[in-house]
Every structure is written in structure tokens, then in C-alpha cells.
Amino acid sequence: MQKRSFLHAALAAGVVFAGSAAMAQDSTFRIGLILPMTGQQASTGRQIEAAAKLYMAQNGDTVAGRKVQLIVKDDTSLPDVTRRLAQELVVNDKVNVLAGFGITPSATATAPIATQSKTPEVVMAAATSSITEASPYIVRTSFTLPQVSVALADWAPKNGIKTVVTLVSDYGPGIDAEKYFKERLQFNGGQVTEALRVPLRNPDFAPFLQKVRDARPDALFVFVPSGAGAAVMKQFLERGMDKAGIRLIATGDVTDDDQLNDMGDGALGVVTSHHYSAAHPSAANRKFVEAFGKANKGMRPNFMAVGGYDGMRVIYEALKKTGGKGGANPSGDALLAAMKGQIFESPRGPVFIDAQTRDIVQNVYLRKVEKKDGELYNVEFDVIKDVKDPGKTK
Ligand code: DHB
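Chemist: Before we go on, may I ask you to explain the site of the ligand in this structure?
Modeler: Surveying the vicinity of the ligand reveals 15 residues, the closest of which are Thr 104, Ala 127, Tyr 171, Ser 226 and Asp 253. At 2.9 Å, a backbone N or O of Ser 226 approaches an oxygen atom of the ligand. Burial of the ligand by the surrounding chains reaches 100%, relative to a free accessible area of 290 Å².

So, in C-alpha cells, the structure goes:
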């Protein structure tokens, strides 16, 4: 409570951090990167931190004459902690940008702070459609679940899948995935016969999978957040669901590049839709994957890493555009304006930050798990170009 009233009082007194005289003397540009570095979402934090550091190593830590400082904080995926860290970063560290946000509740908990302090909030991971509506200062470089789920609901009925049971984590992105997959599948003449939701924290998939086995749909559609996919795959195979003729289809969060290669050959043939695969066959991606591996003991980047890498790109380019004048840092409003409308080639393919929605427009790929050079990859076999978040048109 005390910290909150301090922030409110400071804001009410007109202490606009970015424009104050003290800031003019200190031209360091600070990025507060709040990530889950421990706990259930730790792989998200590890991937995004590594990607942000790679971006800085490749592009230097001086931009438009400003020294760029990255301040990494671990929120352990608890939104109350995210909010407290965001307040401290704005008030004490005087960050110019807040970034990161491993899960939806962390991104939305920070939104009021971004709005009140006029600090851009670059969401690099969280993917519930409505996040960008929580503050006009939010810009997203990850993806949305509606964006990737619809493509799979178009693919499934054309490939012999008419009845589907959905299984999602019971919070924002899962509910988005369930809703948009179901609506589109029904529109295409298919049917969701049962919609199951599993808790986000410490999920036990066994009782849910037993239900799916008994229901005998053509396929099981799954969304779980990054880091939980391997457990789903293991239990799916252990229960012999594939042998019972139930296909597994999912958003790419399940066949996460961070875990895929350890899932075993049982994962072969699983079809998913997503915006990034480490196997994306472009020169830009090959360069990215190689540099990321080199800097991180062979680690393969996943879609979280790409959200972080591109988020840094959006921040750097905004600073280049606005930071070159007067010896002072740009205002949050100027930075935000320069983030909107950026178009560039990401390792995932061409992307665009829609100026109206501040959300990312990107290609969505259909992929199948295949073995390449002895390793499991999500190999892209179809693309839907320039997909906007369908959640924004409702
Ligand atoms: C979210 C988190 C994830 O790890 C993911 O893969 C998708 C969405 C989220 O909380 O928004």
C-alpha cells in the first residue's frame, strides 16, 4: 500500500520522470525487463533474457548517443510481484521502458503503472488477445492465441478431423484458444464435443486425458503455456491415446522448441499452428538460431526468445528515431509513437506493429514435428500471411 501511494503521490505532484531535470543530466536509457526467472515459467525468462542480451551484443549498447542499460528482475510469475517490481523500476530506477511479462496476469497487473507513468510496456511473451487493451502504452511483440488457433481450425476438418475435445490451461490465453478454435471449427462444419480446462498452477493432466480417451474424439486440441508441453506429450503417449486413434493437435506452445527435442519420437507427426519455429527456413532465422546457440551453450531459441529479440528491436528503433536530440531521453509518448507502425523482418518472417491496435501482425504457419539431422523440429508446411489478431475485430 505504501509503495502504491508513493507512486500515486509522485504522479499527482507532476513528477514526470522522463522529463525531469535530473533525467536530462543522466542520459542512460533504461529498460526494465521483468521476467519469470524461477518457478514454473522459468524457461520463458531464460529464453527472453538470452535473446535480449544477444540483441544488445549484436547491436551495441549505445543508441542515438544514449547508453542502454538492461535491468532484469525476476517476478517468479506472480502478478503481485510483477506490479511491485514495475513500480520500483519506474519510481526508483526511472526506466524508460518496461518489458518482458511471461504470463498474461503479469502483463495486465503492470498496465495501470504504464498508463499512469506514461511508460511504454513492451509485452514480449504474454498472449491473451485483450492485453493490449489494458493500457494505451502497451505494445506487443509476441502473438495472440486467437491469431494462431484459427489456422488449425481451418486445417483440421480438411484433414479428416471432425470431432475435437479441447484441453486448455484455465486462464486468459487458454480461454482465448478454446473460444476461437471452437468457433472456427464449427464454422467449418466440425464440432467440439467437450471443452476441458486444467489449472495453470501445478496441472495434473491425467484425469483430463482419461476423459478424452473415453470420449474418443478424432483429435485432442491443446493449449498449455510454454514449459508445460512436455508433460502433456508424455501423458498423452503413456495413455496410448495415439494408439487409440486420437490425434494430438495444438498451438505451437505445446511443441515448444525449448523442450521439443527431448519429447522423443512419440511427438513425430504432431501438427501445430504457430508464428515461430526454430526451423523456419529463412536466412535471417538461420543466422539468429546460430548466434543464439553460440551465445548460450547450444540452446535452441523458442517463440519466447523471438518475442524478446524483436521487442528489443522495437525499443532500439524507437530510441534511434526519437533519442538523437537535446541530450535528453525521449518522453514515453514519443517512444510509444515511434514503436507504432514498425515493419521489419523478424527471424519468424515479416512482421508489423499495427499502429491502431499496438499488436503484432505476422504470418501463422502450420507445422508438423519431423526429424531433421537427428533432432525433432516443427517443420512448416503451410503459411497464412499477415494475420491480425482476430480478437481485435470483435
Ligand atoms: C502465455 C504464456 C505462455 O507461456 C504461452 O506460451 C502463451 C501465453 C500467457 O500467459 O499469456
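Chemist: I would appreciate a short explanation of the environment of Gly 374 in the present structure.
Modeler: The topology assignment puts Gly 374 in the loop between strand E14 (360-372) and strand E15 (375-387). Distance in space between the C-alpha atoms of Gly 374 and Gly 39 is 31 Å, their sequence separation being 335 residues.

Chemist: Where do I start with the environment of Val 198 in this structure?
Modeler: As for its placement among the helices and strands, Val 198 is situated in strand E8 (residues 191-198). Not counting the four nearest positions on each side in its chain, Val 198 is found in contact with Leu 167, Val 168, Ser 169, Asp 170, Pro 203, Asp 204, Phe 205 and Phe 208.

Chemist: Even after reading the chapter, I still don't get the pattern of salt bridges, so can you show me in this structure?
Modeler: Close approach of charged atoms lets side chains of opposite charge pair. Counted according to the given criterion, the structure contains 20 salt bridges. Two residues, Arg 46 and Asp 258, come together in a salt bridge whose shortest N-O distance is 3.4 Å. Taken together, the residues span a long stretch of sequence, with Arg 46 in helix H3 (residues 42-59) and Asp 258 in the loop between strand E10 (247-251) and strand E11 (271-274) at a distance of 212 residues. Arg 46 sits in the partly exposed class, given a relative accessible area of 38%. Taking the relative accessible area as the measure of exposure, Asp 258 reaches 19% and is therefore buried. Among the ionic pairs, Lys 211 bridges to Glu 194, the shortest N-O distance being 3.9 Å. Within this pair, whereas Lys 211 is found in helix H8 (residues 206-215), its partner Glu 194 is found in strand E8, the two being separated by 17 residues in sequence. Taking the relative accessible area as the measure of exposure, Lys 211 reaches 45% and is therefore partly exposed. The network of salt bridges with common partners includes Arg 140, Asp 359, Asp 389 and Lys 392.

Chemist: Looking at this structure, how should I read the packing of helix H4 (residues 79-91) against helix H5 (residues 104-117)?
Modeler: Working note: a packed helix pair is described by the angle between its axes plus the distance between those axes. For the pair H4 and H5, interaxial distance at closest approach is 8 Å and the crossing angle is 25 degrees. Comparing the axis directions of H4 and H5 gives the class roughly parallel. The interaxial crossing formed by H4 with H5 has right-handed handedness. Residues Pro 79, Thr 82, Arg 83, Ala 86, Gln 87 and Val 90 of H4 form the contact with H5, whose own contacting residues are Pro 105, Ser 106, Ala 109, Thr 110, Ile 113 and Ser 117.

Chemist: What exactly am I supposed to notice about the pairing of strand E4 (residues 97-100) here?
Modeler: Two faces belong to every sheet, and in a regular strand the side chains alternate between them. Residue alternation in E4 divides its side chains into two sets, Val 97 and Ala 99 and Leu 98 and Gly 100, and both sets are buried. Of the strand pairs in this sheet, strand E1 (residues 29-35) and E4 are connected by 4 bridges, and their pairing is parallel. Bridge pairing in E4 places Ile 34 opposite Gly 100. Following the chain from E4 across H5 to the adjacent parallel strand E5 (residues 121-123), one finds a crossover that is right-handed.

Chemist: Looking at this structure, I do not really get helix H7 (residues 172-187). What am I missing?
Modeler: The α-helix winds at 3.6 residues per turn, so residues separated by three or four positions along the chain end up facing the same way. The terminal C-alpha atoms of H7, which comprises 16 residues, lie 23 Å apart, in line with the 22 Å expected from a rise of 1.5 Å per residue. Along H7, the residues that are buried comprise Pro 173, Gly 174, Asp 176, Ala 177, Glu 178, Tyr 180, Phe 181 and Leu 185. On its buried face, H7 sits against H5, helix H6 (145-155), strand E7 (163-169), E8, strand E9 (219-223) and E10. Looking one or two places after H7, you find Gly 189, whose phi comes out positive at around 90 degrees.

Chemist: Would you explain the side chain of His 275 in this entry?
Modeler: Here His 275 is to be found in the loop between E11 and helix H10 (283-295). Since its relative accessible area comes to 0%, His 275 is described here as buried. Setting aside residues up to four positions removed in sequence, His 275 forms contacts with Ser 142, Phe 143, Val 148, Phe 303, Arg 348, Gln 362, Asn 363 and Tyr 365.

Chemist: Even after reading the chapter, I still don't get unusual backbone geometry, so can you show me in this structure?
Modeler: Backbone geometry follows two general trends: most residues other than glycine have a negative phi, and most peptide bonds adopt the trans configuration. Positive phi values are uncommon outside glycine, yet Ala 64 reaches one of about 50 degrees. Given a relative accessible area of 29%, Ala 64 falls into the partly exposed group. One non-glycine residue, Thr 76, lies in the positive phi region at around 50 degrees. As for its position among the elements, Thr 76 is in the loop between strand E3 (66-74) and H4.

Reading the values: rules and limits
- Residues numbered from 1 in each chain as written.
- Predicted model: local features only at pLDDT ≥ 70, side-chain atom pairs only at ≥ 80, totals over all residues.
- Heavy atoms only, no water.
- Near = heavy atom within 4 Å.
- Polar contact = N/O pair within 3.5 Å; in protein donor to acceptor, adjacent residues only side chain to side chain.
- Areas by Shrake-Rupley, 256 points an atom, 1.4 Å probe, with all protein chains shown as cover.
- Helix = DSSP H or I, 4+ residues; strand = E, 2+ residues; numbered from the N terminus.
- Contact = heavy atoms within 4.5 Å.
- Salt bridge = Lys/Arg side-chain N within 4 Å of Asp/Glu carboxyl O.
- Buried < 20%, exposed > 50% of the residue type's maximum accessible area, 1.4 Å probe, protein only.
- Axes fitted to C-alpha atoms, helices over the stretch in contact; angles between N-to-C directions.
- Parallel < 35°, antiparallel > 145°, perpendicular 65-115°, else oblique.
- Left-handed = near helix turned anticlockwise from the far one by under 90°.
- Pairing = 2+ DSSP bridges.
- Right-handed = clockwise from strand over helix to strand, strands pointing away.
- Expected span 1.5 Å × (residues − 1).

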